[in-house]
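Chain by chain, the residues:
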Amino acid sequence: MSIISKDIQQAASILRTDDIVAIPTETVYGLAGNIYSETAIKKIFSTKLRPFFNPLIVHIPSVDDLPEIVSYIPDKAKLLAEAFWPGSMTLVLKKQAKIPDLITAKKDTVAVRVPNHPVTLALLEEIEFPLAAPSANPFGSISPTKPEHVEHYFKNDIKQVLDGGACMNGIESTIIGFEGDEPIVYRFGALALEVIEAVVGPVKVKTKDEISPEAPGMLERHYAPSTKTILTDDLEDVVENYSNKRIGILAFRNKLNREVSSQIILSETGNLEEAASRLYDALHQLDHENIDIIIAERLPNHGLGKSINDRLERATK
Ligand code: TXA
Ligand code: MG
């Protein structure tokens, strides 16, 4: 029997009274509520200022709970769930009839994952219902990877930020849907495409549908600081053009040899996992400094570099 901390007990009682709390996951902090409570789910949308057309991810404690949420599991979904759960992958599958329309934006599919964080897994085991949890940030802004990011956004709006420290992976889950029985990546994320393909073979990628976004994480402007942000392959060159501005640099591994207002290096050793885990915290930091422009360096476009570049591109729109 696991010992449940006071904080987890408090979160469980808040959730049982149709209210919401912020929860830690290994990707980003989420704003969580009981999927079967209309009051809680509406509160998630209103707190985030999130449009109702944008469906939520359902969080369950174990792969064994998947049949409660979805009505059909393709073989490759089973393989993926067994390989990567608990972990940073969300599957979009045909929903069970009882999953409320508010969760799925009236789609006949539902997004679901088993998060890999001991605090939230203990909470999910403790309560009697799955949790819907979008990232705990106002719609369109930078996702939170530390409890203080959530407090900065929502201190007065929610009763509890369940503290689980800094998020290990630091970037949202990779979202995988299905066309027939074939997997399709809807959103790049903390699980690299190459790692997924090692389990199920080549997968299609469909992350740019702007007219009817399958995953509105694909909306063009998203994950955005309030400071103007640009993305470049050549920091030296671009910085020249802004010599009269207060510049914040977000570099991959090397410091720019020049005086600017602020510089953050994502990984001195060029490690893409480390870069991903630091990305949002770096953007939060730069956004709170007194600068005119953030100039970010594009990362190598493989592994998690692809996911980081995706977020940086959306931050610049
Ligand atoms: O890592 C994560 O996934 C975090 C943590 C808290 O689990 N959650 C997260 O949630 O990033 P959110 O709401 O910020 O992003 C969820 C994405 C949205 O872009 C949404 O459109 C997509 O999941 N989604 C949800 N249900 C879907 C569905 N039925 N079909 C397609 N996309 C769906
Ligand atoms: Mg989000």
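Please read all numbers here as calculations on a predicted model, not as lab measurements.

Let's shift gears to the UniProt feature "binding site: ATP" (unreviewed entry) in the protein. Mapped onto this numbering, the UniProt entry annotates "binding site: ATP" (unreviewed entry) at R50, N54, H59, T109, S135, S143, R187 and Y223. In sequence the annotated residues extend across 174 residues, and in space they extend as well, their farthest C-alpha pair lying 24.3 Å apart. Locating S143 in the fold gives a position in the loop between β6 (131-132) and α7 (147-154). The exposure class assigned to S143 is buried, which follows from its relative accessible area of 1%. The contacts of S143, once residues within four sequence positions are left out, are V28, S135, N137, E172, Y223, Y280 and H284. Looking at the secondary structure, you find Y223 in the loop between β9 (204-205) and β10 (228-232).

So, about the domain arrangement of the protein. Considered domain by domain, the protein is made up of domain 1 (6-218) and domain 2 (228-315). Spacing between the C-alpha centres of domain 1 and domain 2 amounts to 27 Å. At the interface, 26 residues of domain 1 touch 18 residues of domain 2. Carbon and sulfur atoms supply 55% of the area buried between domain 1 and domain 2, which totals about 1,700 Å² over both sides. The largest share of the area that domain 1 buries against domain 2 comes from I142, I171 and F188, three residues that together contribute 34% of it. At the junction of domain 1 with domain 2, the criterion picks out 2 salt bridges. Here domain 1 is connected to domain 2 by 11 residue pairs in polar contact (both at pLDDT 80 or more). Elements with a contribution of two residues or more to the side of domain 1 that touches domain 2: α7 and α8 (193-200). Take the side of domain 1 that touches domain 2: its biggest share by element is 3 residues, from α7.

What counts, and where the lines are drawn
- Residues numbered from 1 in each chain as written.
- Chains lettered and ligands numbered in written order.
- Predicted model: local features only at pLDDT ≥ 70, side-chain atom pairs only at ≥ 80, totals over all residues.
- Heavy atoms only, no water.
- UniProt positions renumbered as here; feature names shortened; annotations may be inferred.
- Helix = DSSP H or I, 4+ residues; strand = E, 2+ residues; numbered from the N terminus.
- Buried < 20%, exposed > 50% of the residue type's maximum accessible area, 1.4 Å probe, protein only.
- Contact = heavy atoms within 4.5 Å.
- Domains from an automatic or database assignment.
- Buried area = accessible area lost by both parts, 1.4 Å probe.
- Salt bridge = Lys/Arg side-chain N within 4 Å of Asp/Glu carboxyl O.
- Polar contact = N/O pair within 3.5 Å; in protein donor to acceptor, adjacent residues only side chain to side chain.

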